[in-house]
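Examining the three-dimensional arrangement
Here is what each chain is made of, one letter per residue.
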Amino acid sequence: GAGVSQSPSNKVTEKGKDVELRCDPISGHTALYWYRQRLGQGLEFLIYFQGNSAPDKSGLPSDRFSAERTGESVSTLTIQRTQQEDSAVYLCASSLSVVVASGRALSNNEQFFGPGTRLTVL
Amino acid sequence: AQTVTQSQPEMSVQEAETVTLSCTYDTSENNYYLFWYKQPPSRQMILVIRQEAYKQQNATENRFSVNFQKAAKSFSLKISDSQLGDTAMYFCAFMNGDNNNDMRFGAGTRLTVKP
């Protein structure tokens, strides 16, 4: 029973470069979330996946940010042309979902978090 | 939109004593969940306790308990018999029960337990 894993744990990059952050959710968890946590601040919602689709991308701060998920498993968060303001810890979380009779998917409400990737843009 | 407010950026408590962290939230929803997460220096977010809004009874997990005041939209966390390992950032969070991707976190309270 491995938990949520993220890689790399730390990433230092130069301004203007692209970075890819990876999240491996708990096996069987169909809901996956990405958050950004700036130094000393709370979590800022970025994007949510239900299966491989992302019904809510409203938190992505700009079009330089994108995310995808394949096989209802691994997700990658890509930041293009990184800026110094992108420096933060990026946290991934996953949770179970239960599809109810109406067809709506609801999680069992507990999100399990990975250890995060600390991104530093020089 | 739901907002979560933690008005205490930092708190400290002596080992073995009791401390209460406050949290208020704003919502027009009736179906929701509230959480307290702990984030130690390792960065790993750990669920401490959760409360379903439809339950009147306050949730309790060992030394951790909440005071859920639905009408006042208040959800405070009480830590009894504080231990050095309780030193961490604590985040209060709100999840919409009808739209589980809608989860909001407070800015956090940094708790230091002093020996």
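Residues numbered from 1 in each chain as written. Chains lettered and ligands numbered in written order. Predicted model: local features only at pLDDT ≥ 70, side-chain atom pairs only at ≥ 80, totals over all residues. Heavy atoms only, no water.

1. Some thoughts on the sheet that holds strand β1 (residues 5-7) of chain A
All names here are of chain A.
- The strand order across the open sheet built from 4 strands is β1-β3-β8-β7, with neighbouring strands paired in antiparallel fashion. Both outer strands of the open sheet, β1 and β7 (65-69), are each paired with one neighbouring strand and no more. Direction aside, the axes of adjacent strands within the sheet are offset by 15 degrees on average.
- Sheet topology note: the strand β3 (residues 19-24)/strand β8 (residues 75-79) ladder contains 5 bridges and is antiparallel. Looking across to β8, one finds that E20 is bridged to T78. (Pairing = 2+ DSSP bridges. Helix = DSSP H or I, 4+ residues; strand = E, 2+ residues; numbered from the N terminus. Axes fitted to C-alpha atoms, helices over the stretch in contact; angles between N-to-C directions.)

2. What to know about the nonpolar core
- Ranked by size, the top nonpolar core spans 25 residues in total, and within it Y25(B), W36(B), F75(B), L77(B) and Y90(B) carry the most contacts.
- Of all the secondary-structure elements, those providing two or more residues to this core are β3 (19-21), β5 (32-39), β6 (46-52), β8 (64-69), β9 (74-79), β10 (88-96) and β12 (109-114) of chain B.
- When neighbours within four sequence positions are excluded, Y25(B) is seen to be in contact with T3(B), V4(B), Y32(B), L34(B), F68(B), Q69(B), K70(B), K73(B), S74(B), F75(B) and F94(B).
- Core analysis: the next-biggest nonpolar cluster, separate from the first, contains 20 residues, Y35(A), F45(A), Y37(B) and M103(B) among them. (Core = buried A, V, L, I, M, F, W, Y, C linked by side-chain atoms within 4.5 Å. Buried < 20%, exposed > 50% of the residue type's maximum accessible area, 1.4 Å probe, protein only. Contact = heavy atoms within 4.5 Å.)

3. Observations concerning unusual backbone geometry
- With omega at -10 degrees, the peptide bond leading from S7(A) into P8(A) counts as cis.
- Relative to the assigned elements, P8(A) resides in the loop between β1 and β2 (10-13).
- Positive phi, normally seen in glycine, also occurs at E72(A), with a value near 50 degrees.
- Relative to the helices and strands, E72(A) resides in the loop between β7 and β8.
- In this model, R43(B) sits at a positive phi of 80 degrees, which is unusual for a non-glycine residue.
- Examined against the element boundaries, R43(B) turns out to sit in the loop between β5 and β6.
- Since its relative accessible area comes to 14%, R43(B) is described here as buried.

4. Let's talk about the side chain of T30(A)
- Assignment of secondary structure puts T30(A) in the loop between β3 and β4 (31-37).
- Within the local environment of T30(A), its side chain forms a polar contact with the side chain of Q50(A), the two groups lying 3.2 Å apart. (Polar contact = N/O pair within 3.5 Å; in protein donor to acceptor, adjacent residues only side chain to side chain.)

5. Focus: the environment of V19(B)
All names here are of chain B.
- As for its position among the elements, V19 is in strand β3.
- Here the alpha-carbon distance between V19 and L111, two residues 92 residues apart in the chain, equals 9.2 Å.
- In this structure V19 touches M11, V13, L77, K78, I79, S82 and L111, once residues within four positions along its chain are discounted.

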